[in-house]
Amino acid sequence: MSTQRVSRGSSPPFLILGLDCAPPALVFDRWSDRLPTLSRLMREGVYGPLRSCHPPVTVPAWMCMMTGQDAGMLGVYGFRNRRSYDYDALTVCNGADIHEPTVWDILGEQGLSSVLVGVPMTYPPRPVRGALVSCFLTPDENSQYTFPRALKGELDRVVGGYQLDVRDFRQVSLESLLAQIHSMTRKRMHAFRHLLTTRPWDFAMVVEMGVDRIHHGFWQFLDPKHKGFEPDHPLQHAIRDYYEALDAELAQVLATVPPETVVLVVSDHGARAMEGAVCVNEVLMRAGLLTLKERPAKVRRLTSDQIDWSRTKAWAEGGYFSRVFLNVAGREPQGIVPPSEVEALRSQLITLFESLPDDQGQPLGSRAYKPESLYREINRIPPDLLVYFGDLRWRSVGSVGYDGIYTFENDTGPDGANHDWEGIFILHDPANPGDGQRVEGRSLFQVAPTILRHFGLAPSPRMRPEGLRQP
Amino acid sequence: MTSAAYTVWLTGLPGAGKTTLAKALAERLLRQGLELEVFSSRRLPPEVSYVPMSWSPEARRDRSQIIAEACRRRMAQGKICLVEGSWPSRADREDARLRIGELVEIHVSTPLEVCQDRASHVYARASTPELKRDWHEVPGMGMTYEAPEFPELSLDLSFLSTDDAVEQVLALLKSLDYPVERQQAMGLSPEEAEAKVRARLEALGYV
């Protein structure tokens, strides 16, 4: 395919290939000889693990990366945020919650154009100098998910029906899920190539969610550490085969861009086997901190109407990590924890969670944090604590009605993978070639400064100053 | 919920038929009960104080920015805006799109020779010896007219009737989910949208 829409700036174009959830162990080590495109970029550039943010989850990680701000500064602490101190005020976040300028906002102010496809938290689409196809947080394909709007119809025609995400993740057969993931990736990369070759651009970025979806759907067939691992399962190579197909798609993308283009392959967090799950609200109940009006006869999601708030000091939300909230007098509607006792209670909870053993009585290695210890600034309403069970090896289950505090299934169905702290980066700059060196100690907060410096712009004072080339 | 407000921005050579199309389109949308304002390079927002009526690129840029900001304010009140004029600079129009967001760019692509016949008084400025100094200010003559690269719609009014052109614009607006009549139901409510996303996130195990 020929290329080569002319960029407007004097700097070479900058291209980001985002692979949500791609871990170093698979890309750099296990399958590097099967991934010729990524391996070439590694060989001719520099690469290494990329430390994620708190929490290491798609939302807020990609926006932390593209604004250079932490979750506290963004005021986005996960897929759902508390809008008020009411008990039922958790709502799903989207791009409207992001008020800090992204890299493409800053470049646009300088007259530089961007092509953006699938970057999480770009729904609802905001004006951008260039073209934008938003992300899986779009309600469905009937929504307006492009900027400009007319681009949606153009993409549908070009790729034969654009696909934002896999549908019915837990309802379809694994074979159907696998087919959907492959189809979604092909269409997204086709759309990206179309925009790269028809629009002027200086900065372009695609984020492929298929990597994350295939990990969560199929990791149990890959990793003996997973409780549900089945040796020689017919789907044991599903993830490997997907990575190979993805590598071939990336090769096609690279064939469409000018040879001087700087390429950054990056992921927002890594992946690892889900070794188990802690039923966080069961832990709180056993500690006398959470009281239900009536114990449920079977496992069910915890809802505020089940809770006896007059006898509850703390409750929690599950997910890849746990958010713990305190029922504070004068803050929550029926709060009972005196404000003067909040700090002592948070410290008590940190001790409780961090000392929790695993189901075999061995140390679980959980970590619990007060948000002010993690963030440079706190905006909107943060959780009172963030808890990573087994330092992310175990997930957090928010449902109640379990016999114990451990389970080996996600409360929304089986899950293969949990998130991990280390994602990846591969930086390939033809004007400044690397020697295939693996470097350590980089974080996703170094991505935005790297891009801005490339275009001769200083990182904003709210960003950390160092780029990926600096430790 | 999709946006109820938007701006239709008509661009093209002098004499292309933009003013005629804008008038017919405005009448049609007003008749459907929509609140609408029309701006052009000569018809600036009433809240704007005196702006020198020059046709230099700088003056044109200033006016497009003034109008874009006015559209943004009107749209925040739920109004529809219609902008017509040559607007020969692609960069100026891109800036307007960035400021306005929900903008539909329509290129009235009537060929130059037809435009010259229709607006001979304008083009005379560029060819009459005593007015030669205006040559550089006439788009398509001394001033380059940069046609849009990605307009939402192109309409050649040398063979298309105004009524047909209006129908094409309305069809485009409908296809983009913009309202073309009052109280037209549009998209999902915020609650419905959140419920859909939340269900998917739950299935994925995120929440």
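Refer to the structure printed above.
Residues numbered from 1 in each chain as written. Chains lettered and ligands numbered in written order. Predicted model: local features only at pLDDT ≥ 70, side-chain atom pairs only at ≥ 80, totals over all residues. Heavy atoms only, no water.

## As for the overall build of chain A
Moving on, step 1. From N to C terminus, chain A includes 13 helices and 21 strands.
Moving on, step 2. For chain A, whose C-alpha radius of gyration is 22 Å, the value lies close to the compact-globule estimate of 23 Å for 471 residues.
Moving on, step 3. For chain A, the C-alpha atoms occupy an extent of roughly 65 × 50 × 45 Å along the three principal directions.
Moving on, step 4. Counting over 471 residues, chain A shows a buried share of 65%.
Moving on, step 5. At a minimum sequence separation of 6, the contacts of chain A that also span at least 24 residues come to 71%.
Moving on, step 6. Accessible surface, chain A as shown: approximately 16,300 Å² in total, 49% of it carbon and sulfur.
Moving on, step 7. Separation between the mean location of the 50 positive side-chain charges and that of the 56 negative ones in chain A comes to 3 Å. (Helix = DSSP H or I, 4+ residues; strand = E, 2+ residues; numbered from the N terminus. Rg over C-alpha atoms; globule rule 2.2 N^0.38 Å. Buried < 20%, exposed > 50% of the residue type's maximum accessible area, 1.4 Å probe, protein only. Contact = heavy atoms within 4.5 Å. Areas by Shrake-Rupley, 256 points an atom, 1.4 Å probe, with all protein chains shown as cover. Lys, Arg positive; Asp, Glu negative; His and termini not counted. Charge placed at Lys NZ, Arg CZ, Asp CG, Glu CD.)

## A look at the environment of Cys81 of chain B
Residue and element names in this part refer to chain B.
Moving on, step 1. Checked against the element boundaries, Cys81 lands in strand 3 (residues 80-84).
Moving on, step 2. Sequence separation between Cys81 and Val48 is 33 residues; the distance between their C-alpha atoms is 16 Å.
Moving on, step 3. Here Cys81 is in contact with Tyr6, Thr7, Val8, Glu37, Phe39, Cys71 and Arg74, once residues within four sequence places are set aside.

## Thoughts on unusual backbone geometry
Moving on, step 1. Omega for the bond connecting His54 of chain A with Pro55 of chain A falls within 30 degrees of zero, at -10°, which places this linkage in the cis form.
Moving on, step 2. If you trace the backbone, Pro55 of chain A turns up in the loop between strand 2 (46-51) and helix 3 (58-67).
Moving on, step 3. Residue Pro60 of chain A follows Val59 of chain A across a cis peptide bond; omega there is 25°.
Moving on, step 4. Here Pro60 of chain A shows up in helix 3.
Moving on, step 5. Its identity as a non-glycine residue notwithstanding, Trp87 of chain B has a phi of 45°, on the positive side.
Moving on, step 6. Relative to the helices and strands, Trp87 of chain B is located in the loop between strand 3 and helix 3 (90-100).

## So, the sheet that holds strand 17 (residues 406-407) of chain A
Residues and elements named next belong to chain A.
Moving on, step 1. As summarised here, the arrangement of the three strands in space is 16-11-17, forming an open sheet in which the pairing is mixed. Each of the sheet's edge strands pairs with one partner strand only, and the pair in question is strand 16 (394-397) and strand 17.
Moving on, step 2. Here strand 11 (residues 276-279) runs beside strand 17; their pairing, made up of two bridges, is antiparallel. Paired with Ala277 across the strands is Thr407, a residue of strand 17. (Pairing = 2+ DSSP bridges.)

## Focus on the pattern of salt bridges
Residue and element names in this part refer to chain A.
Moving on, step 1. Summed over all chains, the structure comprises 47 salt bridges over all chains.
Moving on, step 2. Taking the shortest distance from any N to any O, the salt bridge between Arg51 and Glu422 comes out at 3.9 Å. Of this pair, Arg51 sits in strand 2 while Glu422 is found in strand 19 (residues 422-428), placing the two residues 371 residues apart along the sequence.
Moving on, step 3. By relative accessible area, Arg51 is classed as partly exposed at 36%.
Moving on, step 4. Residues Glu141 and Arg167 are paired through a salt bridge, measuring 3.5 Å at the closest nitrogen-oxygen approach. Within this pair, whereas Glu141 is found in the loop between strand 6 (130-133) and strand 7 (146-147), its partner Arg167 is found in the loop between helix 6 (151-159) and helix 7 (174-198), the two being separated by 26 residues in sequence.
Moving on, step 5. Taking relative accessible area as the criterion, Glu141 reaches 22% and is therefore assigned partly exposed. (Salt bridge = Lys/Arg side-chain N within 4 Å of Asp/Glu carboxyl O.)

## What to know about the interface of chain A and chain B
Moving on, step 1. Between chain A and chain B, the residue contacts involve 43 residues of the former and 28 residues of the latter.
Moving on, step 2. By the criterion of area lost to chain B, the three top residues of chain A are Arg129, Pro139 and Arg149 of chain A, representing 22% of everything that side buries.
Moving on, step 3. One can count 14 residue pairs in polar contact (both at pLDDT 80 or more) joining chain A with chain B.
Moving on, step 4. The set of elements that each furnish at least two residues to the side of chain A that touches chain B consists of strand 4 (90-92) and helix 8 (210-218) of chain A. (Buried area = accessible area lost by both parts, 1.4 Å probe. Polar contact = N/O pair within 3.5 Å; in protein donor to acceptor, adjacent residues only side chain to side chain.)

## Description of the sheet that holds strand 4 (residues 103-108) of chain B
All names here are of chain B.
Moving on, step 1. Pairing in this open sheet of five strands is parallel, and the strands run 2-3-1-4-5 from one edge to the other. Since the sheet does not close on itself, it has two edges, and those belong to strand 2 (36-40) and strand 5 (153-155), each with one partner. Direction aside, neighbouring strands of the sheet carry axes that sit 20° apart on average.
Moving on, step 2. Strand direction decides the pairing type here: strand 2 and strand 3, joined by five bridges, are parallel. Residue pairing in the sheet places Leu36 in a bridge with Ile80 of strand 3.
Moving on, step 3. Along the sheet, helix 2 (residues 57-76) makes contact with strand 1 (7-12), strand 2 and strand 3, crossing strand 2 at roughly 175°.
Moving on, step 4. Together, strand 1, strand 4 and strand 5 form the strand contacts of helix 6 (residues 162-175), whose direction differs from that of strand 5 by roughly 175°. (Axes fitted to C-alpha atoms, helices over the stretch in contact; angles between N-to-C directions.)

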